[in-house]
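# Residue-level structural notes
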Amino acid sequence: MNKPARGSLLGIEYLEAKDIRALLKLARRMNPLKARPLLRNKRIVLLFYEASTRTRSSFEFAAKALGAMTTLVQSAGSSIEKGESLLDTGYTLRAIGADAIVIRHPSAGAPLLMAKHLDIPVINAGDGMHEHPSQALLDAFTILKHKQAFKGLQVAIIGDIYHSRVARSACHLLSKFGVKITLCGPPEFVPEVAATLAPGLRVSRYIEDALRGTDVVMLLRLQKERLAGQKIRLQDYIARYQMTSARLKLARRDAIVMHPGPIIRGLELTAEVADGAQSVIVDEVQNGVPTRMAILARALGKAR
Ligand code: NCD
(Lines give C-alpha, C1' and ligand atoms only; values in the text may rest on other atoms or scores of the structure.)
Protein backbone atom coordinates (compact mmCIF):
# COMPACT_ATOMS: atom_id res chain seq x y z
CA MET A 1 0.00 0.00 0.00
CA ASN A 2 1.33 3.37 -1.02
CA LYS A 3 0.45 6.98 -0.71
CA PRO A 4 -2.02 8.13 -3.37
CA ALA A 5 -0.29 9.34 -6.53
CA ARG A 6 0.34 13.06 -6.84
CA GLY A 7 -2.56 14.82 -8.46
CA SER A 8 -5.16 12.52 -6.93
CA LEU A 9 -8.27 14.31 -5.66
CA LEU A 10 -9.91 12.25 -2.96
CA GLY A 11 -11.65 14.85 -0.83
CA ILE A 12 -11.73 18.54 0.00
CA GLU A 13 -11.02 17.84 3.66
CA TYR A 14 -7.41 16.94 2.84
CA LEU A 15 -6.71 20.03 0.72
CA GLU A 16 -5.26 23.27 1.98
CA ALA A 17 -6.86 26.61 1.13
CA LYS A 18 -3.92 27.45 -1.12
CA ASP A 19 -4.41 24.24 -3.17
CA ILE A 20 -8.07 25.10 -3.59
CA ARG A 21 -7.24 28.64 -4.69
CA ALA A 22 -4.74 27.29 -7.21
CA LEU A 23 -7.31 24.90 -8.67
CA LEU A 24 -9.95 27.63 -8.91
CA LYS A 25 -7.48 29.97 -10.58
CA LEU A 26 -6.59 27.29 -13.10
CA ALA A 27 -10.29 26.58 -13.72
CA ARG A 28 -10.86 30.26 -14.53
CA ARG A 29 -8.23 30.02 -17.25
CA MET A 30 -9.78 26.93 -18.83
CA ASN A 31 -11.94 27.47 -21.89
CA PRO A 32 -13.58 24.26 -23.08
CA LEU A 33 -14.01 25.68 -26.58
CA LYS A 34 -10.43 26.88 -27.00
CA ALA A 35 -8.10 24.75 -24.95
CA ARG A 36 -4.57 23.65 -25.69
CA PRO A 37 -4.32 19.86 -25.93
CA LEU A 38 -2.41 19.59 -22.65
CA LEU A 39 -3.47 15.98 -22.17
CA ARG A 40 -2.85 14.70 -25.68
CA ASN A 41 -2.34 10.90 -25.74
CA LYS A 42 -3.40 10.58 -22.12
CA ARG A 43 -5.92 7.89 -21.32
CA ILE A 44 -8.55 8.71 -18.74
CA VAL A 45 -10.96 6.07 -17.48
CA LEU A 46 -14.36 7.10 -16.17
CA LEU A 47 -15.27 4.29 -13.79
CA PHE A 48 -18.87 4.69 -12.67
CA TYR A 49 -20.46 2.30 -10.20
CA GLU A 50 -23.45 4.64 -9.79
CA ALA A 51 -25.75 6.61 -12.03
CA SER A 52 -24.59 10.03 -13.17
CA THR A 53 -25.40 12.52 -15.89
CA ARG A 54 -23.63 15.82 -15.27
CA THR A 55 -20.59 14.61 -13.38
CA ARG A 56 -19.81 11.90 -15.89
CA SER A 57 -20.44 13.88 -19.05
CA SER A 58 -18.63 16.98 -17.81
CA PHE A 59 -15.56 14.95 -16.83
CA GLU A 60 -15.69 13.42 -20.31
CA PHE A 61 -16.02 16.77 -22.09
CA ALA A 62 -13.29 18.21 -19.87
CA ALA A 63 -10.90 15.38 -20.74
CA LYS A 64 -11.67 15.62 -24.43
CA ALA A 65 -11.36 19.42 -24.49
CA LEU A 66 -7.78 18.89 -23.29
CA GLY A 67 -7.11 16.30 -25.99
CA ALA A 68 -7.23 13.18 -23.80
CA MET A 69 -8.81 9.87 -24.73
CA THR A 70 -11.56 8.62 -22.46
CA THR A 71 -13.28 5.35 -21.90
CA LEU A 72 -16.36 4.81 -19.81
CA VAL A 73 -16.65 1.74 -17.63
CA GLN A 74 -19.97 1.30 -15.88
CA SER A 75 -21.02 -1.52 -13.61
CA ALA A 76 -23.70 -2.73 -16.02
CA GLY A 77 -22.05 -4.36 -19.02
CA SER A 78 -18.56 -4.61 -17.50
CA SER A 79 -16.76 -7.34 -15.55
CA ILE A 80 -17.92 -5.60 -12.38
CA GLU A 81 -21.21 -7.35 -13.09
CA LYS A 82 -19.33 -10.66 -13.02
CA GLY A 83 -18.10 -9.93 -9.50
CA GLU A 84 -14.64 -8.54 -10.22
CA SER A 85 -13.31 -6.68 -7.19
CA LEU A 86 -12.68 -2.95 -7.14
CA LEU A 87 -8.93 -3.43 -6.96
CA ASP A 88 -8.82 -6.04 -9.72
CA THR A 89 -10.76 -3.67 -11.95
CA GLY A 90 -8.22 -0.97 -11.08
CA TYR A 91 -5.22 -3.20 -11.85
CA THR A 92 -6.83 -4.19 -15.16
CA LEU A 93 -7.45 -0.60 -16.22
CA ARG A 94 -3.90 0.33 -15.25
CA ALA A 95 -2.51 -2.61 -17.27
CA ILE A 96 -4.46 -1.48 -20.32
CA GLY A 97 -2.75 1.89 -20.04
CA ALA A 98 -4.94 4.18 -17.95
CA ASP A 99 -3.09 7.36 -16.95
CA ALA A 100 -5.80 8.45 -14.50
CA ILE A 101 -9.06 7.08 -13.12
CA VAL A 102 -12.15 9.11 -12.30
CA ILE A 103 -14.31 6.98 -10.02
CA ARG A 104 -17.82 7.20 -8.58
CA HIS A 105 -18.73 4.52 -6.08
CA PRO A 106 -21.55 3.95 -3.58
CA SER A 107 -19.07 3.18 -0.78
CA ALA A 108 -17.21 5.90 1.10
CA GLY A 109 -13.48 5.34 0.80
CA ALA A 110 -13.51 3.37 -2.48
CA PRO A 111 -11.45 6.03 -4.35
CA LEU A 112 -8.91 6.16 -1.51
CA LEU A 113 -8.55 2.37 -1.52
CA MET A 114 -7.91 2.39 -5.24
CA ALA A 115 -5.47 5.30 -4.97
CA LYS A 116 -3.46 3.45 -2.33
CA HIS A 117 -2.93 0.50 -4.65
CA LEU A 118 -2.36 2.19 -7.99
CA ASP A 119 0.49 4.42 -9.10
CA ILE A 120 -1.75 6.72 -11.16
CA PRO A 121 -3.92 9.62 -9.96
CA VAL A 122 -7.40 8.76 -8.79
CA ILE A 123 -10.15 11.37 -8.81
CA ASN A 124 -13.18 10.98 -6.59
CA ALA A 125 -16.38 11.71 -8.54
CA GLY A 126 -18.53 10.99 -5.47
CA ASP A 127 -18.10 8.20 -2.90
CA GLY A 128 -21.10 7.16 -0.86
CA MET A 129 -21.98 9.70 1.81
CA HIS A 130 -18.38 10.87 2.04
CA GLU A 131 -17.24 13.51 -0.46
CA HIS A 132 -17.83 14.94 -3.92
CA PRO A 133 -14.80 17.20 -4.30
CA SER A 134 -15.26 18.22 -7.94
CA GLN A 135 -18.79 19.38 -7.12
CA ALA A 136 -17.55 21.51 -4.21
CA LEU A 137 -14.91 23.06 -6.47
CA LEU A 138 -17.39 23.89 -9.22
CA ASP A 139 -19.74 25.31 -6.60
CA ALA A 140 -16.93 27.48 -5.23
CA PHE A 141 -16.10 28.54 -8.79
CA THR A 142 -19.75 29.52 -9.28
CA ILE A 143 -19.94 31.42 -6.00
CA LEU A 144 -16.80 33.40 -6.80
CA LYS A 145 -18.10 34.21 -10.26
CA HIS A 146 -21.20 35.80 -8.76
CA LYS A 147 -19.89 37.07 -5.43
CA GLN A 148 -16.22 37.91 -6.17
CA ALA A 149 -14.86 36.89 -2.76
CA PHE A 150 -15.60 34.47 0.06
CA LYS A 151 -14.92 37.08 2.71
CA GLY A 152 -18.03 37.92 4.73
CA LEU A 153 -20.29 35.56 2.82
CA GLN A 154 -23.21 33.78 4.39
CA VAL A 155 -24.38 30.49 2.88
CA ALA A 156 -27.50 28.46 3.73
CA ILE A 157 -27.46 24.77 2.82
CA ILE A 158 -30.96 23.33 2.89
CA GLY A 159 -32.19 19.75 2.75
CA ASP A 160 -30.87 16.27 3.44
CA ILE A 161 -27.41 17.23 4.71
CA TYR A 162 -26.88 13.90 6.46
CA HIS A 163 -26.84 11.80 3.29
CA SER A 164 -25.22 14.41 1.10
CA ARG A 165 -21.62 14.13 -0.05
CA VAL A 166 -22.21 17.43 -1.87
CA ALA A 167 -22.98 19.18 1.42
CA ARG A 168 -20.04 17.56 3.20
CA SER A 169 -17.53 18.67 0.57
CA ALA A 170 -19.07 22.15 0.35
CA CYS A 171 -18.82 22.58 4.13
CA HIS A 172 -15.17 21.57 4.15
CA LEU A 173 -14.37 23.93 1.30
CA LEU A 174 -16.30 27.00 2.39
CA SER A 175 -15.24 26.72 6.02
CA LYS A 176 -11.57 26.83 4.97
CA PHE A 177 -12.31 30.34 3.68
CA GLY A 178 -14.19 31.51 6.74
CA VAL A 179 -17.65 31.44 5.15
CA LYS A 180 -20.54 31.34 7.65
CA ILE A 181 -22.73 28.35 6.92
CA THR A 182 -26.22 27.54 8.19
CA LEU A 183 -27.39 23.96 7.72
CA CYS A 184 -31.16 23.77 7.57
CA GLY A 185 -33.59 20.86 7.62
CA PRO A 186 -35.47 18.51 9.91
CA PRO A 187 -33.48 16.70 12.65
CA GLU A 188 -33.62 13.44 10.67
CA PHE A 189 -31.63 15.11 7.87
CA VAL A 190 -29.70 17.70 9.85
CA PRO A 191 -28.67 16.24 13.20
CA GLU A 192 -27.18 18.71 15.70
CA VAL A 193 -23.84 16.96 15.35
CA ALA A 194 -23.64 18.13 11.72
CA ALA A 195 -22.43 21.48 13.06
CA THR A 196 -19.19 19.84 14.22
CA LEU A 197 -18.18 18.82 10.69
CA ALA A 198 -16.19 21.97 10.09
CA PRO A 199 -15.62 25.36 11.73
CA GLY A 200 -18.18 28.09 11.12
CA LEU A 201 -21.28 25.89 10.87
CA ARG A 202 -24.59 26.24 12.65
CA VAL A 203 -27.83 24.30 12.47
CA SER A 204 -31.27 25.83 12.08
CA ARG A 205 -34.63 24.09 11.84
CA TYR A 206 -36.40 27.08 10.31
CA ILE A 207 -35.87 27.98 6.71
CA GLU A 208 -36.97 31.56 7.42
CA ASP A 209 -34.17 31.90 9.96
CA ALA A 210 -31.59 30.19 7.74
CA LEU A 211 -32.37 32.47 4.80
CA ARG A 212 -32.22 35.81 6.57
CA GLY A 213 -29.24 37.78 5.30
CA THR A 214 -27.87 34.91 3.23
CA ASP A 215 -25.87 35.49 0.04
CA VAL A 216 -26.01 31.96 -1.31
CA VAL A 217 -28.84 29.44 -1.04
CA MET A 218 -27.61 25.95 -1.71
CA LEU A 219 -30.30 23.32 -2.14
CA LEU A 220 -29.72 19.57 -2.17
CA ARG A 221 -31.42 16.74 -3.94
CA LEU A 222 -34.10 15.13 -1.84
CA GLN A 223 -34.82 11.44 -2.27
CA LYS A 224 -38.45 10.59 -1.66
CA GLU A 225 -37.54 7.16 -0.34
CA ARG A 226 -35.43 8.85 2.35
CA LEU A 227 -38.42 10.91 3.44
CA ALA A 228 -40.45 7.71 3.64
CA GLY A 229 -37.62 5.95 5.51
CA GLN A 230 -37.69 8.70 8.14
CA LYS A 231 -41.49 8.76 8.17
CA ILE A 232 -41.54 12.38 7.04
CA ARG A 233 -44.57 13.19 4.94
CA LEU A 234 -43.79 14.75 1.60
CA GLN A 235 -46.31 17.52 2.08
CA ASP A 236 -44.86 18.37 5.50
CA TYR A 237 -41.37 18.63 4.08
CA ILE A 238 -42.58 20.83 1.25
CA ALA A 239 -44.53 23.03 3.66
CA ARG A 240 -41.48 23.62 5.86
CA TYR A 241 -38.48 23.51 3.58
CA GLN A 242 -39.36 23.97 -0.08
CA MET A 243 -37.65 26.98 -1.66
CA THR A 244 -40.38 29.28 -2.89
CA SER A 245 -40.28 32.80 -4.30
CA ALA A 246 -41.83 34.15 -1.09
CA ARG A 247 -39.12 32.54 1.04
CA LEU A 248 -36.36 33.63 -1.29
CA LYS A 249 -37.32 37.23 -0.55
CA LEU A 250 -35.96 36.71 2.98
CA ALA A 251 -32.45 36.22 1.64
CA ARG A 252 -30.37 39.13 0.42
CA ARG A 253 -31.75 40.75 -2.69
CA ASP A 254 -28.76 39.63 -4.71
CA ALA A 255 -28.68 36.11 -3.27
CA ILE A 256 -28.07 33.29 -5.72
CA VAL A 257 -29.80 29.90 -5.71
CA MET A 258 -27.72 26.81 -6.37
CA HIS A 259 -28.49 23.10 -6.67
CA PRO A 260 -26.07 20.34 -7.72
CA GLY A 261 -28.81 18.58 -9.67
CA PRO A 262 -30.72 16.59 -10.55
CA ILE A 263 -33.48 18.97 -9.46
CA ILE A 264 -37.10 18.04 -8.95
CA ARG A 265 -39.35 21.00 -9.57
CA GLY A 266 -42.11 21.10 -6.99
CA LEU A 267 -40.02 19.25 -4.40
CA GLU A 268 -36.84 20.99 -3.22
CA LEU A 269 -37.84 24.15 -5.05
CA THR A 270 -40.67 25.57 -7.12
CA ALA A 271 -40.33 25.84 -10.89
CA GLU A 272 -40.55 29.61 -10.44
CA VAL A 273 -37.40 29.62 -8.29
CA ALA A 274 -35.59 27.10 -10.51
CA ASP A 275 -36.13 29.28 -13.58
CA GLY A 276 -36.04 32.63 -11.77
CA ALA A 277 -33.51 35.42 -12.12
CA GLN A 278 -31.64 34.43 -8.96
CA SER A 279 -31.14 30.82 -10.00
CA VAL A 280 -27.62 30.00 -11.20
CA ILE A 281 -28.32 26.28 -11.53
CA VAL A 282 -27.61 26.14 -15.25
CA ASP A 283 -24.43 28.19 -14.90
CA GLU A 284 -23.35 25.92 -12.06
CA VAL A 285 -23.60 22.78 -14.18
CA GLN A 286 -21.80 24.56 -17.02
CA ASN A 287 -18.96 25.50 -14.69
CA GLY A 288 -18.39 21.80 -14.13
CA VAL A 289 -16.47 21.58 -17.39
CA PRO A 290 -13.68 24.16 -16.79
CA THR A 291 -13.44 23.07 -13.16
CA ARG A 292 -12.95 19.44 -14.16
CA MET A 293 -10.47 20.49 -16.85
CA ALA A 294 -8.40 22.06 -14.08
CA ILE A 295 -8.71 18.93 -11.91
CA LEU A 296 -7.56 16.68 -14.77
CA ALA A 297 -4.72 18.98 -15.82
CA ARG A 298 -3.48 19.06 -12.23
CA ALA A 299 -3.87 15.28 -11.93
CA LEU A 300 -1.65 14.66 -14.93
CA GLY A 301 0.95 17.28 -14.06
CA LYS A 302 -0.04 19.80 -16.72
CA ALA A 303 -1.33 22.49 -14.42
CA ARG A 304 0.61 25.42 -15.82
C1 NCD B 1 -24.99 14.70 -6.77
C2 NCD B 1 -24.33 13.38 -6.49
O3 NCD B 1 -24.46 12.40 -7.21
O4 NCD B 1 -23.64 13.34 -5.50
N5 NCD B 1 -25.18 15.05 -8.08
C6 NCD B 1 -24.12 15.50 -8.81
O7 NCD B 1 -23.11 14.86 -8.91
N8 NCD B 1 -24.23 16.69 -9.41
C9 NCD B 1 -26.15 14.97 -5.97
C10 NCD B 1 -27.17 13.90 -5.85
O11 NCD B 1 -27.34 13.06 -6.71
O12 NCD B 1 -27.84 13.97 -4.83
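Residues numbered from 1 in each chain as written. Predicted model: local features only at pLDDT ≥ 70, side-chain atom pairs only at ≥ 80, totals over all residues. Heavy atoms only, no water.

### A closer look at the site of the ligand
In the vicinity of the ligand, the contacting residues are R54, T55, R104, H132, Q135, R165, V166, R221, P260, G261 and P262. Between R104 and the ligand, the recorded distance is 3.0 Å, taken from a side-chain N or O atom to an oxygen atom. Q135 places a polar side-chain atom, nitrogen or oxygen, 3.2 Å from a nitrogen atom of the ligand. When isolated, the ligand has an accessible area of 320 Å², and the protein chains bury 87% of it. For the shell around the ligand, the elements supplying multiple residues, two or more each, are α2 (54–65) and α6 (165–176). Here the residues of the shell around the ligand sort into three nonpolar, four polar and four charged. Structurally, the shell around the ligand is a two-domain feature, drawing no fewer than three residues from each of domain 1 (17–130 + 288–299) and domain 2 (134–285). (Near = heavy atom within 4 Å. Polar contact = N/O pair within 3.5 Å; in protein donor to acceptor, adjacent residues only side chain to side chain. Areas by Shrake-Rupley, 256 points an atom, 1.4 Å probe, with all protein chains shown as cover. Helix = DSSP H or I, 4+ residues; strand = E, 2+ residues; numbered from the N terminus. Nonpolar A, V, L, I, M, F, W, Y, C, P; charged D, E, K, R; others polar. Domains from an automatic or database assignment.)

### Brief notes about the domain arrangement of the protein
The domains assigned to the protein are domain 1 (17–130 + 288–299) and domain 2 (134–285). The C-alpha-based centres of domain 1 and domain 2 are spaced at 26 Å. In this assembly, 24 residues from domain 1 lie in contact with 19 residues from domain 2. It is L24, R54 and M129 that lose the most area in domain 1 upon contact with domain 2, and together they represent 34% of the buried surface on that side. Our count for the contact surface shared by domain 1 and domain 2 stands at one salt bridge. Across the pair E50 and R165 runs a salt bridge, and its minimum N-O distance is 2.9 Å. Linking domain 1 with domain 2 are seven residue pairs in polar contact (both at pLDDT 80 or more), by the criterion used here. If you list the elements that add at least two residues to the side of domain 1 that touches domain 2, you get α1 (17–29), α2, β3 (100–105), β4 (122–127) and α12 (281–299). Looking at side-chain class alone, the side of domain 1 that touches domain 2 contains ten nonpolar, seven polar and seven charged residues. (Contact = heavy atoms within 4.5 Å. Buried area = accessible area lost by both parts, 1.4 Å probe. Salt bridge = Lys/Arg side-chain N within 4 Å of Asp/Glu carboxyl O.)

### A closer look at the nonpolar core
I44, F150, I157, L173 and M243 are the most contacted members of the largest nonpolar core, which has 86 residues in total. Here the element with the most residues in this core is α12; it accounts for eight residues. (Core = buried A, V, L, I, M, F, W, Y, C linked by side-chain atoms within 4.5 Å. Buried < 20%, exposed > 50% of the residue type's maximum accessible area, 1.4 Å probe, protein only.)

### Examining the pattern of salt bridges
Counted by the stated rule, this structure contains 14 salt bridges. Two residues, D119 and R94, come together in a salt bridge whose shortest N-O distance is 2.6 Å. Linking D119 in the loop between α4 (110–117) and β4 with R94 in helix α3 (residues 86–96), this pair joins segments that are 25 residues apart in sequence. Classification of D119 by relative accessible area gives exposed; the value is 55%. Between R205 and E192 there is a salt bridge, with its nearest N and O atoms 3.1 Å apart. Taken together, the residues R205 in the loop between β7 (201–204) and α7 (207–211) and E192 in the loop between β6 (180–184) and β7 connect sequence positions 13 residues apart. Through salt bridges with shared partners, a single network forms among K147, D215, R252 and D254.

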